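Residue-level listing of the chains:
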Amino acid sequence: MSWRNYEPSQTGKTCIIDGDSAHDVQFEMGTICTGRQRVFHRYYVKVYLSDGSTVIGENPYNLRAAVLDLDGELKRRDAMLLAAGTDSDWLESGLSQNSGWGYFSNATEASHMMSLPPLRHRDSENDEFVDRIIREAVDGMFSQK
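Remember, it's a predicted structure, so these values are computed and weren't measured experimentally.

## Brief notes about the packing of aromatic side chains
Step number 1: Summed over the entire model, instances satisfying the criterion amount to two aromatic pairs.
Step number 2: Between Y6 and Y44, the aromatic rings sit 4.9 Å apart at their centres with planes inclined by 90°, giving edge-to-face as the arrangement. A residue pair is termed long-range when its members are at least 10 positions apart, and Y6 in strand β1 (residues 4-18) and Y44 in strand β3 (residues 39-48) qualify at 38 residues.
Step number 3: Between K46 and the ring centre of Y6, over which it is positioned, the NZ or CZ distance is 4.6 Å.

## With respect to the side chain of K46
Step number 1: Along the polypeptide, K46 turns up in strand β3.
Step number 2: What makes K46 buried here is its relative accessible area of 12%.
Step number 3: Excluding residues within four positions of it along the chain, K46 makes contact with Y6, Q26, F27, E28, T54, V55 and I56.

## Re the sheet that holds strand β5 (residues 79-82)
Step number 1: With antiparallel pairing, five strands are arranged side by side in an open sheet as β4-β3-β2-β1-β5. Edge strands, defined here as strands with exactly one partner in the open sheet, are β4 (54-59) and β5. Taken over all neighbouring pairs, the strand axes of this sheet differ in orientation by 35° on average, direction set aside.
Step number 2: Where strand β2 (residues 21-34) and β3 come together, nine bridges link them in antiparallel fashion. Note on β3: the bridge partner recorded for C33 is F40.
Step number 3: Against the sheet, helix α1 (residues 63-75) contacts β1, β2, β3, β4 and β5, and its axis sits at roughly 140° relative to β4.

## Focus: the sheet that holds strand β7 (residues 101-104)
Step number 1: If you walk across this open sheet you meet the three strands as β6-β7-β8, and the pairing is antiparallel. Looking at strand neighbours, the two that pair on one side only are β6 (90-91) and β8 (111-112), the edges of this open sheet.
Step number 2: One ladder, built from two bridges, connects β6 with β7; its direction is antiparallel. In the strand pairing of β7, W90 is matched with F104.

What counts and what doesn't
- Residues numbered from 1 in each chain as written.
- Predicted model: local features only at pLDDT ≥ 70, side-chain atom pairs only at ≥ 80, totals over all residues.
- Heavy atoms only, no water.
- Phe/Tyr/Trp six-rings, centres within 6.5 Å; stacked < 30°, edge-to-face > 60°.
- Helix = DSSP H or I, 4+ residues; strand = E, 2+ residues; numbered from the N terminus.
- Lys NZ or Arg CZ within 6 Å of the ring centre and 35° of its normal.
- Buried < 20%, exposed > 50% of the residue type's maximum accessible area, 1.4 Å probe, protein only.
- Contact = heavy atoms within 4.5 Å.
- Pairing = 2+ DSSP bridges.
- Axes fitted to C-alpha atoms, helices over the stretch in contact; angles between N-to-C directions.

Pasting the structure below:
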């Protein structure tokens, strides 16, 4: 009998970046319990790679740290996890800790730690608008009245 029992609480798909390509992979997260009495041991997050192998991140204190451990394990394989839980702006509240759910400070809805983080790109229309306002303000400072 194995002394480590993986007890999944959530499964789904997440994204792995491997080189220049992104791959959707299955994930599983939950708790590891030990012995016949199934005593809590630690949290885990596991991904199933396309080559049939699995990579596991573990932490005795929380799921977020297990996600970060998983990302570290993937980086040792020259890959990385593209998930909200790896983003430094993703937060958990006291009530959501270890549920897999959290939020970004600028978001209106909760996000799962294994979902894609929000895109951080520049908005060219807004850039043009800001450029125009700055030009008008600078021109106004130097124009004769």
